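Structure at a glance
In case you want the letters, here they are:
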Amino acid sequence: MAASTKNKPKSSDTSRSIPIIGIVVGIIVVLAVIAIVFAGNTEPGNEYGDPQVSGQLSLMPPDTRVDTTANSEVSPTVIGQDFDGNEVRIENDGRAKAIVLLAHWCGFCQNEVPTVQAWLDSGGGVEGVDMYSIATAMDSNRDNFPPSAWFDREGWTVPVIRDDSNNSVHTAYGSGGFPFWVFVNSDGTVAFRLAGATTIDELELIMSELT
Amino acid sequence: MDFQSVRFFFALLALAANAATIGIVVLGIAGRTGSAGADLRERVFGALRGLELWLAFVVATTATLGSLYLSEVADLIPCTFCWYQRIAMYPLVVILGIAAWRSDHGVRIYAAALAGIGAVIAAYHRLMQAFPDLGGGTCSTGVPCTAAYFTLFGFVTIPYMALSGFLLILALLWIDRSNSPVPQASLPDA
């Protein structure tokens, strides 16, 4: 007869199992109480702006890092506010632009911001090319919220426009992955778009070639 | 209980699971160091005799219900790697539940395989969150696996919670192996 795989618990096991079950339940209850007491009552917050957007670029192809499908399209005009309520305008003013769309919860954006800022602090940047940033895809349930605190912490000096709850600005530029760079020539047309982390060398090269 | 409290509770459960797993491993090692260690190990492991599969079932069920809460109630959309971990964890609820009910310790190898695979995936997912370059250079506008929905205590994220569950299940299966006779595969009557 085949050996049984069953090992039915004896009655003495039952008397031992009860306190163990009680201990497990007790631990769970205690942890739940601790969570309720100490988790805090943080209301879901938001830092949405109310940008006015006109124009729309074609959708950024998925899983594409460098995109040229929007080349020569007219870059959208965006008029919005930064986190201090100051107006920031991105419009066709005869100057080339490098616009970066940032999501506070994105690890690549979290790496990109201090890298770019360090470059700017050391005298980086390209003459004749203005830089702008868009705080978009804001979500208080996700990491590194609020974005205003993040930018303050990093000493971010690039003008920021707060996107709205519908991520209208992100949509207008083509909904690329983050960090999402849109490079605009001085005539207001898109040079190309770049989705994902970049290096300073790459950024400098791209910006220096904007017409 | 609001979402902030619930996720804090889940994080505390993960830490408790970590403590239990570490305790089990330490006891297991202590059991090999001498008679005192072996005695302590026998007292603790023996106290759990007959409950190992039930406890593993509870862990799997808690992890499953927790993941469903996060996606279906808190609206946190699972990324691809989240789904891989769910594929490993969800069947454990059924497998361990039935095995615990029937006191079938032959389930160990099957459950351990699923939990082991799940642990590896969860560990890699957690690494991707810590080192996003492992998952490519972009946060997709969908649900990137490189981005953590939340991080508590500086390191507890959803994949970390899953990893904690898988490791505790493996530790409980190890206790079961220590406490139970080696099961023999049933052979048909000649």
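Residues numbered from 1 in each chain as written. Chains lettered and ligands numbered in written order. Predicted model: local features only at pLDDT ≥ 70, side-chain atom pairs only at ≥ 80, totals over all residues. Heavy atoms only, no water.

1. Looking at the overall build of chain B
Basically, it comes down to this: Note on conventions: DSSP H or I runs of at least 4 residues are helices, E runs of at least 2 residues are strands, and numbering of each starts at the N terminus. We call a residue buried when its accessible area falls under 20% of the maximum for its residue type, exposed when it is over 50%, and partly exposed in between, using a 1.4 Å probe and counting protein chains only. Every residue pair with non-hydrogen atoms within 4.5 Å of one another is taken to be in contact. We score Asp and Glu as negative and Lys and Arg as positive, and we do not count His or the chain ends. A charge is said to be at NZ when it belongs to Lys, at CZ for Arg, at CG for Asp and at CD for Glu.
Along its length, chain B carries six helices and zero strands. Counting from the amino terminus, chain B carries its helices and strands in the arrangement α-α-α-α-α-α. For chain B, the spread of C-alpha atoms along the three principal axes comes to 60 × 45 × 35 Å. Here chain B holds 190 residues, and 51% of them are scored as buried. Counting contacts in chain B only where the partners sit at least 6 residues apart, residues at least 24 apart contribute 75% of the total. For chain B, the distance from the average site of its 10 positive side-chain charges to the average site of its 10 negative ones is 7 Å.

2. Describing the domain arrangement of chain A
Rules: As annotated, the domain borders come from an automatic or database domain assignment.
Taken as a whole, chain A is organised into domain 1 (12–42) and domain 2 (52–208). Once you take the C-alpha centre of each, domain 1 of chain A and domain 2 of chain A turn out to be 48 Å apart.

3. Focus on the sheet that holds strand β9 (residues 190–195) of chain A
All names here are of chain A. Defined as follows: Paired strands, as defined in this entry, are two strands with at least two bridges between them according to DSSP. Interaxial angle, 0 to 180 degrees, is taken between N-to-C directions of lines fitted to C-alpha atoms, where a helix line uses only the stretch in contact.
The six strands lie next to each other as β2-β9-β8-β5-β6-β7, forming an open sheet whose pairing is mixed. Two strands lie at the open edges of the sheet, namely β2 (66–67) and β7 (160–162), each paired on one side alone. Bridge count between strand β6 (residues 129–136) and β7: three bridges; the pairing is parallel. The partner of A135 across the bridge, within β7, is R162. This element, helix α5 (residues 200–208), spans β5 (96–103), β6, β8 (180–184) and β9 of the sheet and lies at about 25° to β8.

4. Quick notes on the sheet that holds strand β4 (residues 87–90) of chain A
Within a sheet, neighbouring strands are paired by backbone hydrogen bonds and run either parallel or antiparallel to one another. All names here are of chain A. One open sheet accounts for three strands, arranged β1-β3-β4; its pairing is antiparallel. On the outer flanks of this sheet lie β1 (52–54) and β4, each paired with one strand and no other. With strand direction ignored, the average angle separating the axes of adjacent strands in the sheet is 10°. Strand direction decides the pairing type here: β1 and strand β3 (residues 77–81), joined by three bridges, are antiparallel. When the bridges of β3 are listed, V53 appears paired with V78.

5. Focus: the state of the cysteines
So the rule is basically this: Sulfur atoms of two cysteines make up a disulfide when they are within 2.5 Å.
Summed over the entire model, instances satisfying the criterion amount to two disulfides over all chains. Between the sulfur of C106 of chain A and that of C139 of chain B lies a disulfide, 2.1 Å long from S to S. The sign of the 95° torsion about the S-S bond sets the C106 of chain A-C139 of chain B disulfide as right-handed. Linking C106 of chain A in the loop between β5 and α2 (107–121) with C139 of chain B in the loop between α5 (108–130) and α6 (158–179), this pair reaches from one chain into another. As far as burial versus exposure is concerned, C106 of chain A and C139 of chain B are alike and both buried. The disulfide bridge from C79 of chain B ends at C145 of chain B, spanning 2.3 Å between sulfur atoms. The sign of the S-S torsion, about 110°, decides the handedness of the disulfide formed by C79 of chain B and C145 of chain B: right-handed. In this pair, C79 of chain B is assigned in the loop between α3 (52–73) and α4 (80–102) and C145 of chain B in the loop between α5 and α6, connecting sequence segments 66 residues apart. There is no disulfide at C109 of chain A, and the cysteine sulfur nearest it, in C106 of chain A, is 3.6 Å away. Of all cysteine sulfurs in the structure, the one in C79 of chain B sits closest to C82 of chain B, which takes part in no disulfide; the separation is 3.7 Å. For C82 of chain B, a relative accessible area of 17% puts it in the buried group.

6. Points about the packing of aromatic side chains
Stated precisely, the cut-off is as follows: Two rings belonging to Phe, Tyr or Trp (six-membered ring only in the last case) form a pair when the distance between their centres is within 6.5 Å. Interplanar angles under 30 degrees mark stacking, angles over 60 mark edge-to-face geometry, and anything in between is tilted. A ring has a charge above it when a Lys NZ or an Arg CZ is no more than 6 Å from the ring centre and no more than 35 degrees off the ring normal.
According to the stated counting rule, one finds 15 aromatic pairs over all chains in the structure shown. Where W150 of chain A meets F151 of chain A, the ring centres are 4.7 Å apart and the plane angle is 25°; that geometry is what we call stacked. On the numbers, 6.0 Å between centres and 80° between planes, the contact of F10 of chain B with Y69 of chain B is edge-to-face. Of this pair, F10 of chain B sits in helix α1 (residues 3–30) while Y69 of chain B sits in helix α3, and the two are 59 residues apart along the sequence. In terms of burial, F10 of chain B and Y69 of chain B fall into one category: buried. Put simply, the rings of F83, W150, F151 and W156 of chain A touch in pairs and so form one group of aromatic residues. In this structure, R142 of chain A packs its charged tip against the face of W105 of chain A, placed 4.0 Å from the ring centre. When the ring centre of W83 of chain B is taken as origin, the NZ or CZ atom of R86 of chain B, which lies over that ring, is 4.8 Å away.

7. Side note on the pairing of β4 of chain A
Residues and elements named next belong to chain A. Burial along β4 is one-sided: V88 and I90 are buried, and none of E87 and R89, which face the opposite way, are. Pairing geometry for β3 and β4, over four bridges, is antiparallel. By the bridge assignment for β4, G80 is matched with V88. Taken together, β3 and the strand that follows it, β4, pair antiparallel across an intervening segment of five residues, in which G85 is found at a positive phi of about 85°.

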